[in-house]
Each structure stands twice: as C-alpha cells, then as structure tokens.
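Notes for the structure review
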Amino acid sequence: MHYCGVVPAHGLLQLAMLEEVREAEPPINLSALFFEPGGAAQVASELRALGDVVVGIGAPVSTPRDGRPARECDVMLQGLGVSPQPPHPELRRLAELLGLPLFRPAGGGTAAVVPDGSYSQFPAFETNADGVFCAMQGQRVPAKRHPLGIHRRIEELREDRVIDDGGDLWYRRIEEIDAAAAALCAHRYAVGHACWLGNPDEGVLVLPGSSLPEEFPRHGVLPPVERLQLPQA
C-alpha cells in the first residue's frame, strides 16, 4: 500500500508518498519519496501507476452548499484555531481525474472517528496539512513564516518515523513537508486512527487521532522573547 499526500505548490501540485518499512522489532518506519511539482494530469498519472493507494488531498475538493460563504468543515477547522486552505483549481481537477471515491461518512453528526476499513471503500479524502500537525502535537503549531514553525513540523515527522531516503527532511521545501503531513494522515486513516469533521452532505475533513479538542491550545506555542519598545514618534 502507498500512502500519498498532495498539496498546492503555487500553480502546481506537490506529491509525497510513504511506504511502511517493517523490521523484526517495532516501531514501523515510513519511507518517504518526494516528486517534482507538476500539474493535475501528471500527478494523476503517477498515482494510477502506483497501484494500491490511499490519498490525502490537502485543499478543498467540494464547495459550500446552498450558497453559503464557507463549508461547515472549514468553519469547524477555523474554530479549532487552524486556517482553512483556500480552494486550488489543480487539486480539484486532480480529484476529478483520479476518480477515486472521496471519504463520506454515513449517518448524521458533524464529527466522529473514521470507521475501520474506510480506506477500502473510500481511498481518497480531504485533509489540511496545518491541521494534521496540530492534531499530532495536540496544540497549535507556529506559523510557517516563523523558524520554529518549520522546526516543529519537521521534528513531528521525524518523531512519527518518517524517513527521507532521498536526502534529509531539513533540506525539503515547505510544500514537501506539507505533502508528507498529508501522506502521514493517509497512513493514520488507513490504519484506523483518524477522525472527521464537517457535514457529510457537503464534504468533510480528515485529521489524525481518535478525537479532536474543542480548540487546539495556543498557550506555549511560542516561547516568550524580549522586544524593546521604539521611542514614540
């Protein structure tokens, strides 16, 4: 099984893939492969060539219903303290080209655990890379523009046994790190350790873990530092 993540990379798409590497003793490592950014048709061709895949798509693939300004899953994600990813036309085109059924939970509600084995019926799902990192850490992560934000993201991947055989995660572009996060979510989704939020009739988001808090804590996200005040103009 190949666990894949695709995120926007400016006008193109960034694909990352994880594979389990089983040793005689646990834990299981996840070997990462990264691809050059490309268009929807190129990424779809590569994913089809891989055979059995589970794909985390890191941007909206559905639209708000009834003319509403935002989807319920995006409103809920914002409430957790994570900014929703804006729509990306190439990712929507990718979802159409792949033709893989997107995860849609049965029944009512707006949040629940992903049922075991869902990946066999729904091998693709929508996720959010920043939401993945927040869910894995149990709190908000610093913004990508902050050096500590990049550090926390890479360290989280390393702690989750993601191994970059093609170099080093520290040398990767931030889009590659985000794609690896979406691929990591695909792995958690496939092994039955993920949850969803949103309106099943409109489209839902999948994040790792068995539950989500009402809000990701922000306390202690950035250590305090001293800053001097400038004189009044």
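The structure this text deals with has already been given above.
Please read these numbers as outputs of a predicted model, since none were measured by experiment.

Quick look at the packing of helix α5 (residues 129-137) against helix α7 (residues 174-190)
Two numbers describe how α5 lies on α7: the axes approach to 8 Å, and their chain directions differ by 60 degrees. Taken as axis vectors, α5 and α7 run oblique relative to one another. When you trace α5 past α7, the crossing you get is left-handed. Along the contact surface, α5 presents Ala-129, Val-132, Phe-133 and Met-136, while α7 presents Ile-177, Asp-178, Ala-181, Leu-184, Cys-185 and Arg-188. A breakdown of the residues in the contact of α5 with α7 according to their chemical character gives eight nonpolar, no polar and two charged.

Examining empty space enclosed by the protein
For the coordinates displayed, the defined rule picks out one cavity of 30 Å³ or more. When its volume is computed, the largest cavity comes out at roughly 30 Å³. What lines the largest cavity is simply Ile-57, Ala-95, Leu-98, Leu-100, Leu-102 and Ala-124. Residues that form the lining of the largest cavity fall into these classes: six nonpolar, no polar and no charged.

Notes on α7
Given a rise of 1.5 Å per residue, 17 residues ought to cover 24 Å, and the 24 Å separating the end C-alpha atoms of α7 matches this to within 8%. Of all the 17 residues making up α7, 16 are buried; the element is thus mostly covered by neighbouring parts of the structure. At the exit of α7 stands Gly-192, carrying a positive phi of roughly 80 degrees.

Notes on the pairing of strand β1 (residues 2-9)
Burial runs high along β1: eight of the eight residues are buried. Both β1 and strand β4 (residues 53-57) contribute to a ladder of five bridges, which runs parallel. By the bridge assignment, Tyr-3 is partnered in β4 with Val-54. Sheet topology note: the β1/strand β2 (residues 12-21) ladder contains seven bridges and is antiparallel. Bridging across to β2, Gly-5 finds its partner in Ala-16.

As for the environment of Pro-60
Position of Pro-60 relative to the elements: it lies in the loop between β4 and α2 (72-80). Sequence-wise, Pro-60 and Thr-127 are 67 residues apart; in three dimensions their C-alpha atoms are separated by 8.1 Å. Those residues in contact with Pro-60, other than ones at most four positions away along the chain, are Arg-71, Gln-85, Pro-86, Pro-87, Arg-92 and Glu-126.

Regarding the packing of aromatic side chains
Counted by the stated rule, this structure contains three aromatic pairs. Plain terms: the ring middles of Phe-103 and Phe-122 are 5.8 Å apart, the flat faces sit at 85 degrees to each other, and that makes the pair edge-to-face. Residue Phe-103 is found in the loop between α3 (89-98) and β5 (111-113), and its partner Phe-122 is found in the loop between α4 (118-121) and β6 (124-126); the two are separated by 19 residues along the sequence. Ring centres of Phe-125 and Tyr-189 lie 4.5 Å apart, and the angle between their planes is 35 degrees; on these two criteria the pair is classed as tilted. Remark: Tyr-189 occurs in helix α7 and Phe-125 occurs in strand β6; sequence separation between them is 64 residues. For the pair formed by Phe-125 and Tyr-189, the shared burial category is buried. Taken together, the aromatic side chains of Phe-103, Phe-122, Phe-125 and Tyr-189 make up a single cluster linked through ring pairs.

Here we look at the environment of Lys-144
For Lys-144, the position within the fold is in the loop between α5 and α6 (147-159). Here Lys-144 falls in the partly exposed class, since its relative accessible area comes to 31%. Between the alpha carbons of Lys-144 and Asp-130 there is a distance of 9.2 Å; along the sequence they are 14 residues apart. In this structure, Lys-144 is in contact with Asp-130, Ile-150, Arg-153, Ile-174 and Asp-178, ignoring residues within four places of it in sequence. Reaching out from Lys-144, the side chain makes a polar contact with the side chain of Asp-178 at a distance of 2.6 Å.

Quick look at the packing of helix α1 (residues 40-50) against α3
Direction vectors running N to C along α1 and α3 enclose 40 degrees, while the axes themselves pass 9 Å from each other. Taken together, the axes of α1 and α3 are oblique relative to one another. Along this stretch, α1 crosses α3, giving a crossing that reads as right-handed. The residues of α3 that touch α1, namely those facing Ala-40, Ala-41, Val-43, Ala-44, Leu-47 and Arg-48, are Glu-90, Arg-93, Leu-94, Leu-97 and Leu-98. When the residues that make up the contact of α1 with α3 are grouped by side-chain class, the tally is eight nonpolar, no polar and three charged.

How each quantity is defined
- Residues numbered from 1 in each chain as written.
- Predicted model: local features only at pLDDT ≥ 70, side-chain atom pairs only at ≥ 80, totals over all residues.
- Heavy atoms only, no water.
- Axes fitted to C-alpha atoms, helices over the stretch in contact; angles between N-to-C directions.
- Helix = DSSP H or I, 4+ residues; strand = E, 2+ residues; numbered from the N terminus.
- Parallel < 35°, antiparallel > 145°, perpendicular 65-115°, else oblique.
- Left-handed = near helix turned anticlockwise from the far one by under 90°.
- Contact = heavy atoms within 4.5 Å.
- Nonpolar A, V, L, I, M, F, W, Y, C, P; charged D, E, K, R; others polar.
- 1 Å grid on protein atoms, 1.4 Å probe; cavity = no way out; pocket = protein on both sides within 12 Å on 5 of 7 lines; lining within 4 Å.
- Points joined across faces, edges and corners; volume = space filled by probe spheres on them.
- Expected span 1.5 Å × (residues − 1).
- Buried < 20%, exposed > 50% of the residue type's maximum accessible area, 1.4 Å probe, protein only.
- Pairing = 2+ DSSP bridges.
- Phe/Tyr/Trp six-rings, centres within 6.5 Å; stacked < 30°, edge-to-face > 60°.
- Polar contact = N/O pair within 3.5 Å; in protein donor to acceptor, adjacent residues only side chain to side chain.

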